[in-house]
Amino acid sequence: MFQHFHLTRRQWFGILKWSVYVLVFLLTVVTQSAILSRLRPFGLKFNVVPILLVCICLREGPEKGGLFVLLGSTFYALSGVDMGNVSLLVVTVCAVLSAFLCQTVLADRIISAAVCCFATLLINSSLIFAYKLLLGLVQPRSWLTVLLPSAALSMLFFPLTYLLVKAISRIGGDHGV
């Protein structure tokens, strides 16, 4: 059965690269859930997973990266994250739009990626906040005192995430997929 199953060098590098992306994604989800969820400096929460997903989408493009973000966001939503159904839609759409904008309009640089990641965090958190506000679970002033500083605090992880994703995207060199 497997005698005709032959993968080229390029395909092996593609499998390796996407496997490393999945491993880093799972490690990030576990780290955020187990460690960063307990760390709450000044009552603020870290949200690193959307940053990782946007960075992957920016490096791999709206097609391949968008599919990875859709699958990753689905897993993230099903992992029990607060308002995961909103995050599923918002993170996927924002990541794909960001990748498209960086390919067509913006320069593909670290500053553009930082702006796209921060915008995704802010839009995602703001929509979750608006939903909770409608339900009466939060106060309107919390947007300025909790949500905005939490997004800024989460961006501390951006440089490390961006450089890690950039290194992973180079797997395969000239043979990269």
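The structure we're discussing is the one just above.
Residues numbered from 1 in each chain as written. Predicted model: local features only at pLDDT ≥ 70, side-chain atom pairs only at ≥ 80, totals over all residues. Heavy atoms only, no water.

A.B. asks: Just checking my understanding: could you explain the overall build of the chain for this structure?
C.D. replies: Of regular secondary structure, the chain possesses seven helices and zero strands. Counting helices and strands in the order they occur from the N terminus, the chain gives α-α-α-α-α-α-α. For 177 residues, the compact-globule estimate of 2.2 N^0.38 gives 16 Å, and the chain sits close to it at 17 Å. Considered along the principal axes of its C-alpha atoms, the chain spans approximately 60 × 40 × 25 Å. Across the 177 residues in the chain, those meeting the buried criterion constitute 42%. Look at the contacts in the chain between residues 6 or more apart in sequence, and 74% of them connect residues 24 or more apart. Carbon and sulfur atoms provide 71% of the accessible area of the chain, an area that totals close to 10400 Å². The positive charge centre, built from 13 side chains, and the negative charge centre, built from 5, are 8 Å apart in the chain. (Helix = DSSP H or I, 4+ residues; strand = E, 2+ residues; numbered from the N terminus. Rg over C-alpha atoms; globule rule 2.2 N^0.38 Å. Buried < 20%, exposed > 50% of the residue type's maximum accessible area, 1.4 Å probe, protein only. Contact = heavy atoms within 4.5 Å. Areas by Shrake-Rupley, 256 points an atom, 1.4 Å probe, with all protein chains shown as cover. Lys, Arg positive; Asp, Glu negative; His and termini not counted. Charge placed at Lys NZ, Arg CZ, Asp CG, Glu CD.)

A.B. asks: Even after reading the chapter, I still don't get the environment of S73, so can you show me in this structure?
C.D. replies: Within the secondary structure layout, S73 lies in helix α3 (residues 64–78). The spacing of S73 and Q103 is 30 residues in sequence and 22 Å in space, taken between C-alpha atoms. Apart from the residues within four sequence positions on either side, S73 is in contact with L53, L88, V91 and T92. Side chain to side chain, S73 and T92 meet in a polar contact 3.4 Å long. (Polar contact = N/O pair within 3.5 Å; in protein donor to acceptor, adjacent residues only side chain to side chain.)

A.B. asks: Help me out: how do you make sense of the packing of helix α4 (residues 84–104) against helix α5 (residues 110–135) in this one?
C.D. replies: Think of two packed helices as two axes; the pair is described by the angle between the axes and how far apart they sit. With their axes 10 Å apart at the nearest point, α4 and α5 run at an angle of 155° to one another. It follows from the interaxial angle that α4 and α5 lie roughly antiparallel. As for how α4 packs across α5, the hand of that crossing is right-handed. Across the interface between the two elements, V86, S87, V90, V91, C94, S98 and C102 from α4 touch S112, C116, T120, I123, N124, L127 and I128 from α5. Of the residues contributing to the contact of α4 with α5, the split by class is nine nonpolar, five polar and no charged. (Axes fitted to C-alpha atoms, helices over the stretch in contact; angles between N-to-C directions. Parallel < 35°, antiparallel > 145°, perpendicular 65-115°, else oblique. Left-handed = near helix turned anticlockwise from the far one by under 90°. Nonpolar A, V, L, I, M, F, W, Y, C, P; charged D, E, K, R; others polar.)

A.B. asks: I keep staring at the nonpolar core and nothing clicks. Help me out?
C.D. replies: General note: in soluble globular proteins, nonpolar side chains tend to be found buried as a group. One finds F25, I51, L53, C55, L58, C117 and F158 to be the most contacted residues of the largest nonpolar core, which totals 34 residues. Mapped onto this core, the elements with two or more residues apiece are α1 (9–36), α2 (49–60), α3, α4, α5, α6 (142–154) and α7 (158–169). A total of nine residues in this core trace back to one element, the largest contributor, which is α2. Once residues within four sequence positions are removed from consideration, C55 is found in contact with C117, F158, T161, Y162 and V165. (Core = buried A, V, L, I, M, F, W, Y, C linked by side-chain atoms within 4.5 Å.)

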